[in-house]
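Architecture at a glance
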Amino acid sequence: MNGSGPPDYTAFATCYDSWFAPSDRVTEDTAGALAGLAKSAGPGPVLELGIGTGRVALPLAARGVEVHGVDISPAMVEQLRAKPGGRDIPVTLGDFRTADARGPYALVYVVNGAFAELPTQDAQVDCFAHAARLLRPGGLFVLDAHVPEALASGAHGAPAGGQVLSTRGGETVLRFRDMDRAEQRYRSHYIVLASGVAGSVEMHRTTVSFRYAAASELDLMARLAGLRPRERWADWTGAPFTSASTFHVSVYERPA
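The following paragraphs examine the structure supplied in this document. Keep in mind that what you see is a predicted model, and the values were worked out from it rather than measured.

1. Details of the pairing of strand S8 (residues 185-195)
- Both strand S7 (residues 172-180) and S8 contribute to a ladder of 9 bridges, which runs antiparallel. Across the sheet, residue Arg177 finds its bridge partner in S8, namely Ser188.
- Counting the residues in the hairpin turn of S7 and S8 gives 4 residues, including Gln184, whose phi is positive at 55°.

So this is what it looks like as structure tokens:
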């Protein structure tokens, strides 16, 4: 972990894409939506906060978008570098709330729920402020997040139960969540059963902590940073956000 910053997945860098990454369909939807937003924001590079192994950055770059990144884990970035096109993406090592990435950018984004891995309200406010500083006038800041009420009701894996997650490599991943509503926090506990030596089964366990925030709280953070809400979707396909939505993609704009 990075103290008051986002988690460091160094220990799982080589298997992160197989064990924890969303499906190819979600990845393609994410890259497609970001490419459209980058086009609407106008010319200039885009920046991914928490670029990791390049799961989103590489398909986005393949769409002709100039992508830069920030990540705290050299081991995760090493996995990015090993992929086709990975060495062409400039990456700044450091905490994505403060790292001095080159700018200004037309679009800054943080996906796969990574914004919620910032553990305090102050850290999340700092992230908004830093993103706003990196944007050129008219630029966009985009993040995705769970709807807190859906988390509490178990719509994303019951807090008192568990959920089996699909993987790319055939491993079995069990996820359990517990919530602390007073602190606006939840923890996801992952138990991974993977093939070991000579047909044995190895068990790995890790826990990731999150600080969740309602959409209205995120809008206030944006306002404090000088950003204004532009769009909110229910998912990366651009579906309308409604009272039944369990997830959202929020787009904020730095006024021109």
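Having seen it, we continue.
2. Remarks on the sheet that holds S8
- One open sheet holds the 4 strands; their spatial order is S6-S7-S8-S9, and the pairing between them is antiparallel. Among the strands making up the open sheet, the edge pair consists of strand S6 (162-165) and strand S9 (201-211). Ignoring which end each strand starts from, the neighbouring axes of this sheet average 20° apart.

3. Re the pattern of salt bridges
- Following the criterion strictly, the structure yields 9 salt bridges and no others.
- When the shortest N-O distance is used, the salt bridge between Asp95 and Arg97 registers 2.7 Å. A single burial state applies to Asp95 and to Arg97, both of which are buried.

4. Details of the packing of aromatic side chains
- Counted under the stated rule, the structure contains 5 aromatic pairs.
- Ring geometry for Phe128 against Phe141: centres 5.1 Å apart, planes inclined by 85°, an arrangement best described as edge-to-face. With Phe128 in helix H5 (residues 121-134) and Phe141 in strand S5 (residues 135-146), this pair connects stretches of sequence that are 13 residues apart.
- Through a chain of ring-to-ring contacts, the aromatic side chains of Phe115, Phe128, Phe141 and Tyr252 assemble into a single cluster.

5. What about the packing of H5 against helix H7 (residues 215-224)?
- Where H5 meets H7, the closest approach of the two axes is 8 Å, and the angle between their N-to-C directions is 50°. Relative to H7, the element H5 is oriented oblique. Seen from above, H5 lies across H7 with right-handed handedness. Together, Gln121, Gln124, Val125 and Phe128 of H5 and Glu217, Leu218, Met221 and Ala222 of H7 make up the contact between the two elements.
- In the contact of H5 with H7, the residues fall into 5 nonpolar, 2 polar and 1 charged.

Conventions we followed
- Residues numbered from 1 in each chain as written.
- Predicted model: local features only at pLDDT ≥ 70, side-chain atom pairs only at ≥ 80, totals over all residues.
- Heavy atoms only, no water.
- Pairing = 2+ DSSP bridges.
- Helix = DSSP H or I, 4+ residues; strand = E, 2+ residues; numbered from the N terminus.
- Axes fitted to C-alpha atoms, helices over the stretch in contact; angles between N-to-C directions.
- Salt bridge = Lys/Arg side-chain N within 4 Å of Asp/Glu carboxyl O.
- Buried < 20%, exposed > 50% of the residue type's maximum accessible area, 1.4 Å probe, protein only.
- Phe/Tyr/Trp six-rings, centres within 6.5 Å; stacked < 30°, edge-to-face > 60°.
- Parallel < 35°, antiparallel > 145°, perpendicular 65-115°, else oblique.
- Left-handed = near helix turned anticlockwise from the far one by under 90°.
- Contact = heavy atoms within 4.5 Å.
- Nonpolar A, V, L, I, M, F, W, Y, C, P; charged D, E, K, R; others polar.

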